[in-house]
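Residue-level structural notes
Here are the chains, one letter per residue:
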Amino acid sequence: MGFNYQNIRKDFPILDQQVNLRPWTYLDNAATSQRPIQVIEKIREFSVLTNANIHRGTHTHAIRTTEAYENAREIVKDFLHAKEREEVIFTHGTTESINLVAWSFCEKFLSEGDEIIVTEMEHHANIVPWQMACERHHATLKVIPFSDNGELKSELLTALISDRTRIIAVTHVSNTLGTVNPVKEIIRVAHSHNVPVLIDGAQSVPHISIDVQDLDCDFFVFSGHKIYGPTGIGVLYGKRAWLEAMPPFLGGGEMIERVTFEKTTYNELPYKFEAGTPHYVGAIGLGTAIQYILNLGLDHIASYEHHLLTEASEKMKALGNLQIFGETPSKTGVISFQLDQIHPFDLGTLLDQLGIAVRTGRLCADPVMDHYHVTAMTRASFAFYNTSEEIDRFIEALKRIRSMF
Ligand code: PMP
């Protein structure tokens, strides 16, 4: 498969344990991924040996920490193929990154009567901040729908864009349907109308190689914890021109150039958007996580995960009376489904009894639930450390639970 996943499992000691007296089978990777020992060790080593606040001190450890933090920014810049390090802002996660843009961009560029476009398959994090901005500025939220197989009706975009459209926010990969959206084409269409685009990359960065310059997106956001890094750290990439034009989001230390009671002037990019002490340990851990997956090779990861997705989908369909939500040809390792009439909460609880962790509920995507007229779904999601054996265990567990009902 291009890499030896038996060796890879050794990097993830958390996976080697029992839950409810069974081998733990972790199929909830779209919610959060596990961290390799290299990331855990980096954080430990850093906390034991080097910790000091960044950008503030002239002492040795302050300088070392600052260098490590700025090195992590370089790693993210290269990973996203961004043009300049100043275009990479560290935040606490995807949610904060989107809120930052929804506040700062809209403060400057959104007026009464304007419009913002999102899609029907967005995570709540890419709906609510825009809705709040629309409420603040008396603007309107418009929605690109998707068809029942989970494909975005992106051909409707041209009809939805008007001369009042100020920004389009779209997920690269849906966290419920697994659909990989044609974001490059969406960006091309949007730009032909001079409309900028924010891409929610929370579910794409672990699986797809990203080149923000090739995509030509205006903003790209993601979270560390979904890409084998720590929680509480995330990234906002923004084109310099937009970031320069936007007012700061949070005020405080570090984001200022000079403060007087009469007037404060702001720091240059990227610090203008990094108020207060950042999660520098998280950023350093994220840098290590990115280096880890680059070492494995994103292409190898993608083809192995595709193999897992195909195998799991085929075996699940062979069970019969199992509905999969989202069946587009271009899809990552996410399978949301309904088995017979078994309620997802019952299914999730019983799977856990058998040592298998999946996600159940509304998956932070109420509009997707509404689309299919369901109140909840069960979601299995895969990472490169999952195995065929685990898929078999999952299928056997579904059979066993079905026989109980
Ligand atoms: N967007 C998508 C597509 C997601 O899957 C998630 C996390 N489930 C988020 C945004 C929010 O990410 P976070 O909770 O890390 O801020």
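Residue indices follow the written sequence of each chain, beginning from 1 at its first position. pLDDT decides what is reported in this predicted model: residues at 70 or higher carry local features, side-chain atom pairs at 80 or more are listed and counted, and totals for whole chains, interfaces and linings draw on all residues regardless. Each side-chain value is worked out from all heavy atoms of the structure, with water and hydrogens disregarded.

Attention now moves to the packing of helix 2 (residues 37–49) against helix 10 (residues 280–296). The angle between two axes is taken between their N-to-C directions and runs from 0 to 180 degrees, where each axis is a line fitted to C-alpha atoms and a helix contributes only its stretch in contact. Only DSSP runs of H or I with at least four residues qualify as helices, and only runs of E with at least two residues qualify as strands; both kinds are numbered from the N terminus onward. Contact pair helix 2 / helix 10: the axes reach a minimum separation of 9 Å and the direction vectors enclose 145°. Classified by chirality, the crossing of helix 10 by helix 2 is right-handed. Contacts from Q38, V39, K42, I43, F46 and S47 of helix 2 reach helix 10 at Y280, V281, I284, G285, T288, A289 and Y292. Side-chain classes are defined by residue name, with Ala, Val, Leu, Ile, Met, Phe, Trp, Tyr, Cys and Pro counting as nonpolar, Asp, Glu, Lys and Arg as charged, and the others, Gly among them, as polar. The residue makeup of the contact of helix 2 with helix 10, split by class, is eight nonpolar, four polar and one charged. In this scheme the crossing of two helices becomes right-handed for a clockwise turn of the near helix relative to the far one and left-handed for an anticlockwise turn of less than a right angle. Contacts: residue pairs with any heavy atoms within 4.5 Å of one another.

Residue placement: N267 occurs in the loop between strand 12 (264–266) and helix 10. Expressed as a C-alpha distance, the spacing of N267 and F220, which sit 47 residues apart in the sequence, is 22 Å. Here N267 is in contact with E254, M255, I256, E257 and K272, once residues within four sequence places are set aside.

A separate point is the domain arrangement of the chain. Looking at the chain, the domain boundaries give domain 1 (5–27 + 297–404) and domain 2 (41–294). Taking only C-alpha atoms, the centre of domain 1 and the centre of domain 2 are 29 Å apart. Between domain 1 and domain 2, a total of about 2,500 Å² is buried, with carbon and sulfur atoms accounting for 57% of that surface. Three residues, L298, T332 and H371, lead the burial of domain 1 against domain 2; their summed loss comes to 24% of the area buried on that side. By convention in these notes, a salt bridge is any Lys or Arg side-chain nitrogen within 4 Å of a carboxyl oxygen on Asp or Glu. At the boundary of domain 1 with domain 2, the tally comes to zero salt bridges. As used in this structure description, the phrase polar contact means that two N or O atoms lie within 3.5 Å; if the pair is within protein, one of them must be able to donate a hydrogen and the other to accept it, and residues adjacent in sequence are counted only when both atoms belong to side chains. At the junction of domain 1 with domain 2, the criterion picks out 16 residue pairs in polar contact (both at pLDDT 80 or more). Domain extents, as shown, originate in an automatic or database domain assignment. Put simply, buried area is the surface a 1.4 Å probe can reach on two separate parts but cannot reach once they are joined, added for both.

Another aspect to go through is the sheet that holds strand 7 (residues 165–171). Any two strands with at least two DSSP bridges between them are considered paired. Pairing is mixed in the open sheet, where seven strands are placed in the order 4-10-9-8-7-5-6. Unpaired on one side and paired on the other, strand 4 (88–91) and strand 6 (140–144) mark the two borders of the sheet. Neighbour-to-neighbour, the strand axes of this sheet turn through a mean angle of 20°, independent of strand direction. When strand 5 (residues 115–119) meets strand 6, the two strands line up parallel, connected through five bridges. Pairing of I116 across the sheet is with L141, part of strand 6.

One finds L80, F220, F222, F384, F394 and L398 to be the most contacted residues of the largest nonpolar core, which totals 98 residues. Ranked by residue count, the leading element in this core is helix 10, at ten residues. Viewed by domain, this core spans two of them, domain 1 (5–27 + 297–404) and domain 2 (41–294), each represented by three or more residues. Not counting the four nearest positions on each side in its chain, F220 is found in contact with L80, H172, I199, G201, S204, V205, I210, V212, V235, L236 and Y237. Counting residues in each nonpolar core, the second largest holds 25 residues, with W130, A133, F219 and F273 among its members. The criterion is simple. A nonpolar core is a set of buried Ala, Val, Leu, Ile, Met, Phe, Trp, Tyr and Cys residues joined through side-chain atoms within 4.5 Å. The buried label applies to any residue whose accessible area, calculated with a 1.4 Å probe on protein chains only, is under 20% of its type's maximum; exposed applies above 50%, and partly exposed to all values in between.

A word on empty space enclosed by the protein. Any space left empty among the atoms is revealed by the rolling of a water-sized probe across them. Definitions used throughout: a 1 Å grid over protein atoms alone; a cavity as a set of points that fits a 1.4 Å probe which cannot get out; a pocket as an open set with protein on both sides within 12 Å along at least five of seven lines; a lining residue as one with an atom within 4 Å of a point. Grid points are joined across faces, edges and corners, and a volume is the space filled by probe spheres set on the points. For the structure on display, the rule yields one cavity of 30 Å³ or more. In this structure, the largest cavity is lined by N29, A30, S33, Q203, P206, H207, K226, Y228, G333, V334, S381 and F382. In the lining of the largest cavity, the residues fall into five nonpolar, six polar and one charged. Per-domain counts for the lining of the largest cavity show at least three residues from each of domain 1 (5–27 + 297–404) and domain 2 (41–294).

Let's shift gears to the site of the ligand. Consider each residue's heavy atoms; a residue with any of them within 4 Å of a molecule or strand counts as near. Taken together, T94, T95, H123, A125, T171, N175, D200, A202, Q203, S223, H225 and K226 make up the full set of residues near the ligand. A distance of 2.5 Å is found between a nitrogen atom of the ligand and a side-chain nitrogen or oxygen belonging to D200. H225 has a polar side-chain atom sitting 2.7 Å from an oxygen atom of the ligand. Its residues assigned to classes, the shell around the ligand shows two nonpolar, eight polar and two charged.

In this section: the sheet that holds strand 14 (residues 334–339). Reading across the sheet, the four strands line up as 13-14-17-16 and stay open at both edges, with antiparallel pairing between neighbours. A strand with exactly one partner marks an edge of an open sheet, and here the two such strands are strand 13 (322–325) and strand 16 (359–361). Strand-to-strand, the axes of this sheet are offset by a mean angle of 30°, without reference to chain direction. When strand 13 meets strand 14, the two strands line up antiparallel, connected through four bridges. Bridge pairing in strand 14 links L322 to L339. Contacts between helix 11 (residues 298–317) and the sheet are confined to strand 13 and strand 14, with strand 14 contributing the most and set at about 10° to the helix.

With that out of the way, let us pick up the packing of helix 3 (residues 60–80) against helix 10. At a minimum axis separation of 8 Å, helix 3 and helix 10 run at an interaxial angle of 40°. Judged by the inter-axis angle, helix 3 sits oblique to helix 10. In this structure, helix 3 meets helix 10 at a crossing whose hand is left-handed. Facing T65, A68, Y69, A72, I75, V76 and F79 of helix 3, the residues of helix 10 in contact are Y280, A283, I284, L286, G287, I290, Q291, I293 and L294. The cut-offs work like this: below 35 degrees is roughly parallel, past 145 is roughly antiparallel, 65 to 115 is roughly perpendicular, and the gaps in between are oblique.

Here the focus is unusual backbone geometry. A cis amide bond links L269 with the next residue in sequence, P270, at an omega value of 0°. Within the secondary structure layout, P270 lies in the loop between strand 12 and helix 10. Unusually for a residue other than glycine, Y228 sits at a positive phi of about 70°. Within the fold, Y228 resides in the loop between strand 9 (219–223) and strand 10 (234–238).

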